[in-house]
Amino acid sequence: MKKNKIIKIIASIVLLLLILFGGFLYIREKTKYESSGLNMSGYILGEGIAPDLTDEEIKALLQKQVDKSKIAFSIYTEPTFKGKLGTIMFANPRYSAHNLDLEVRLGNKVIIRTEKIAPDQYIENIELIGKALEKGKHNATAYIKGYDRKTNELVGEVAVDMIITSK
């Protein structure tokens, strides 16, 4: 009888230690991916044109104070074009600290270039520079540049991978 009681106590201690160790691993994994210190903020739109944000998330984004050294933006990374016309959905959020412009390159060729847009402005539809793309999917890179709103001086640039579909 005494032996069974000792086995139960040892099993309970081992189980408790396993739970504590599992909790430690969970917390370590959860905090592993804290800010990498990248000089950008914002969100990238995946599928669809508008982000699926709740009212609370939108309010938090609008109230967010952006450091003057950061570039805030949103862009749809999988635009579709019919001929030369397409939907890019490139936005400079209301809380942004900079004017932005966009350049999209397919290989070494610039296929999209925008004028600067101020905070709380966006570009939804756009026309390709030059000829329409061949039908299919194309890997491209979007370069978003941020400019000081007073001096117009370049403050930073961010590159974002895109997949452009041409129909």
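Only a predicted model underlies this, so the values are computations on that prediction, with no experimental measurement involved. (Residues numbered from 1 in each chain as written. Predicted model: local features only at pLDDT ≥ 70, side-chain atom pairs only at ≥ 80, totals over all residues. Heavy atoms only, no water.)

1. Some details on the overall build of the chain
Okay, so step 1: A tally of regular secondary structure across the chain gives two helices and nine strands.
Okay, so step 2: Going from the N terminus to the C terminus, the chain shows its helices and strands as α-β-α-β-β-β-β-β-β-β-β.
Okay, so step 3: Going through the 167 residues of the chain one by one, you find that 33% of them count as buried.
Okay, so step 4: If you take every contact in the chain between residues at least 6 apart in sequence, the share linking residues at least 24 apart comes to 64%.
Okay, so step 5: Carbon and sulfur atoms make up 55% of the accessible area of the chain, which totals about 11700 Å². (Helix = DSSP H or I, 4+ residues; strand = E, 2+ residues; numbered from the N terminus. Buried < 20%, exposed > 50% of the residue type's maximum accessible area, 1.4 Å probe, protein only. Contact = heavy atoms within 4.5 Å. Areas by Shrake-Rupley, 256 points an atom, 1.4 Å probe, with all protein chains shown as cover.)

2. Notes on the pattern of salt bridges
Okay, so step 1: For the coordinates displayed, the defined rule picks out four salt bridges.
Okay, so step 2: In this structure, glutamate 127 engages lysine 84 in a salt bridge whose closest nitrogen and oxygen atoms are separated by 3.5 Å. Taken as a pair, glutamate 127 in strand 7 (residues 121-127) and lysine 84 in the loop between strand 3 (80-82) and strand 4 (85-92) lie far apart in primary sequence, 43 residues in all.
Okay, so step 3: Residue lysine 84 is classed as partly exposed on the basis of its relative accessible area of 31%.
Okay, so step 4: A salt bridge links glutamate 103 to arginine 113, with the shortest nitrogen-to-oxygen separation between them at 3.0 Å. Linking glutamate 103 in strand 5 (residues 98-106) with arginine 113 in strand 6 (residues 109-113), this pair joins segments that are 10 residues apart in sequence.
Okay, so step 5: For glutamate 103, a relative accessible area of 11% puts it in the buried group.
Okay, so step 6: The class of arginine 113 is exposed, set by a relative accessible area of 52%. (Salt bridge = Lys/Arg side-chain N within 4 Å of Asp/Glu carboxyl O.)

3. What to know about the nonpolar core
Nonpolar side chains in soluble globular proteins generally cluster together in the buried interior.
Okay, so step 1: In terms of nonpolar packing, the biggest core is built from 23 residues, with Phe73, Phe90, Leu102, Val104, Ile112 and Ile144 touching the most fellow members.
Okay, so step 2: Of all the elements in the fold, those that place two or more residues in this core are strand 2 (71-76), strand 4, strand 5, strand 6, strand 7, strand 8 (136-148) and strand 9 (154-166).
Okay, so step 3: Ranked by residues supplied to this core, first place goes to strand 9 with four residues.
Okay, so step 4: The contact partners of phenylalanine 90, leaving out residues within four places of it in the chain, are Phe73, Ser74, Ile75, Leu100, Asp101, Leu102, Thr114, Ile117, Tyr122, Ile123 and Ile144. (Core = buried A, V, L, I, M, F, W, Y, C linked by side-chain atoms within 4.5 Å.)

4. Things to note about the confidence of the model for the chain
Okay, so step 1: Overall, the prediction assigns the chain a mean pLDDT of 78, with 70% of residues at 70 or greater.
Okay, so step 2: Looking at the elements of the chain, mean pLDDT is at its lowest for strand 1 (residues 40-45), recorded as 44, and at its highest for strand 5, recorded as 94.
Okay, so step 3: The low-confidence segment residues 32-50 (pLDDT under 50) makes 37 contacts with residues lying over four places distant or belonging to another chain. (pLDDT = per-residue confidence, 0-100.)

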